[in-house]
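Examining the three-dimensional arrangement
Next come the chains, spelled out residue by residue.
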Amino acid sequence: MEENDPVRGLRRVKEPKLDQILEYCRREPIERVFLEDVARRGLGRFSGVERDGDLVALCHVGANVVPSGEGCNAFADAAVRGRARMIIGEEGAVSELWDAVVD
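An account of the accompanying structure is given in this report. (Residues numbered from 1 in each chain as written. Predicted model: local features only at pLDDT ≥ 70, side-chain atom pairs only at ≥ 80, totals over all residues. Heavy atoms only, no water.)

Side note on the pairing of strand 4 (residues 54-61)
Of all eight residues that make up strand 4, seven are buried, and the element is covered over most of its length. Count of turn residues in the strand 3 (residues 45-51)/strand 4 antiparallel hairpin: two residues, of which D52 carries a positive phi of about 55°. Two elements, strand 4 and strand 5 (residues 64-69), share five bridges in a ladder whose sense is antiparallel. Bridge pairing in strand 5 links H60 to V66. Once strand 4 ends, the chain turns through two residues before running back antiparallel as strand 5. (Buried < 20%, exposed > 50% of the residue type's maximum accessible area, 1.4 Å probe, protein only. Helix = DSSP H or I, 4+ residues; strand = E, 2+ residues; numbered from the N terminus. Pairing = 2+ DSSP bridges.)

Let's talk about the state of the cysteines
Scanning the model with the defined rule gives zero disulfides in all. You can see C59 has no disulfide; the closest cysteine sulfur is in C72, sitting 6.8 Å from it. (Disulfide = S-S within 2.5 Å.)

Structural notes on the side chain of R32
Relative to the helices and strands, R32 is located in the loop between helix 1 (18-27) and helix 2 (33-41). In this structure the side chain of R32 is engaged in a polar contact, spanning 2.8 Å, whose partner is the backbone oxygen of Y24. Those residues within four positions of R32 in sequence are excluded, and the remaining contacts are Y24, C25, R27 and S68. (Polar contact = N/O pair within 3.5 Å; in protein donor to acceptor, adjacent residues only side chain to side chain. Contact = heavy atoms within 4.5 Å.)

Examining the packing of helix 1 against helix 2
Close contact between helix 1 and helix 2 brings their axes to 9 Å; oriented N to C, the two are set at 160°. Of the possible angle classes, the one that applies to helix 1 and helix 2 is roughly antiparallel. When the axes of helix 1 and helix 2 are compared, the crossing they make is left-handed. Contacts between helix 1 and helix 2 involve L18, I21, L22 and C25 from the former and L35, E36, A39 and R40 from the latter. Split by residue class, the contact of helix 1 with helix 2 holds six nonpolar, no polar and two charged. (Axes fitted to C-alpha atoms, helices over the stretch in contact; angles between N-to-C directions. Parallel < 35°, antiparallel > 145°, perpendicular 65-115°, else oblique. Left-handed = near helix turned anticlockwise from the far one by under 90°. Nonpolar A, V, L, I, M, F, W, Y, C, P; charged D, E, K, R; others polar.)

Some thoughts on the side chain of H60
Here H60 shows up in strand 4. Looking at H60, the relative accessible area reads 6%, which means it is buried. At 3.4 Å, the side chain of H60 forms a polar contact with the backbone oxygen of L43. Sequence-distant contacts of H60, that is, excluding residues within four places in its chain, are made with F34, L35, V38, L43, G44, R45, F46, V65 and V66.

Thoughts on the nonpolar core
Counting residues in each nonpolar core, the largest one holds 14 residues, and the members touching the most others are V49, V65, C72, F75 and L97. Those elements that provide at least two residues to this core are strand 4, helix 3 (76-82) and helix 4 (91-102). In contact with V49, not counting residues within four places along its chain, are L10, R11, R12, D54, L55, V56, A57, E70, G71, A74 and F75. Counting residues in hydrophobic clusters, the runner-up holds ten residues, among them V38, L55, L58 and V66. (Core = buried A, V, L, I, M, F, W, Y, C linked by side-chain atoms within 4.5 Å.)

Quick notes on the environment of A39
With respect to the helices and strands, the residue A39 is situated in helix 2. Considered as a pair, A39 and L55 are 16 residues apart in the sequence and their alpha carbons are 14 Å apart. Ignoring any residue separated from it by four or fewer positions in sequence, one finds A39 in contact with L18, I21 and F46.

If you want it as structure tokens, here you go:
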């Protein structure tokens with residue numbers, strides 16, 4: 001499933017590839033250490049948001065929802081369907097996702 005936002009040039013990718021996830025995490029290794037770890041171990045599900053072929057946002061859905069990056073409102077449906085216990089992560093990403101879920 002892919003959804004486009006022509007205004008911001010964003011494209012949602014349901015399942016990014018491992019190499020895309022690792023490249024995304026490499027750009028902010030401290031903030032994204034959890035995302036890299038679970039990706040390397042093959043745990044949970046990931047969704048991403050791309051701009052010009054590069055991931056600008058990533059979300060892990062497992063026991064918790066862990067959004068990161070720009071455009072995290074795109075993960076609202078996945079967060080609701082995942083029935084996670086918590087949304088955790090960087091404040092801006094969590095706030096953007098939370099606002100989309102409660103609207």
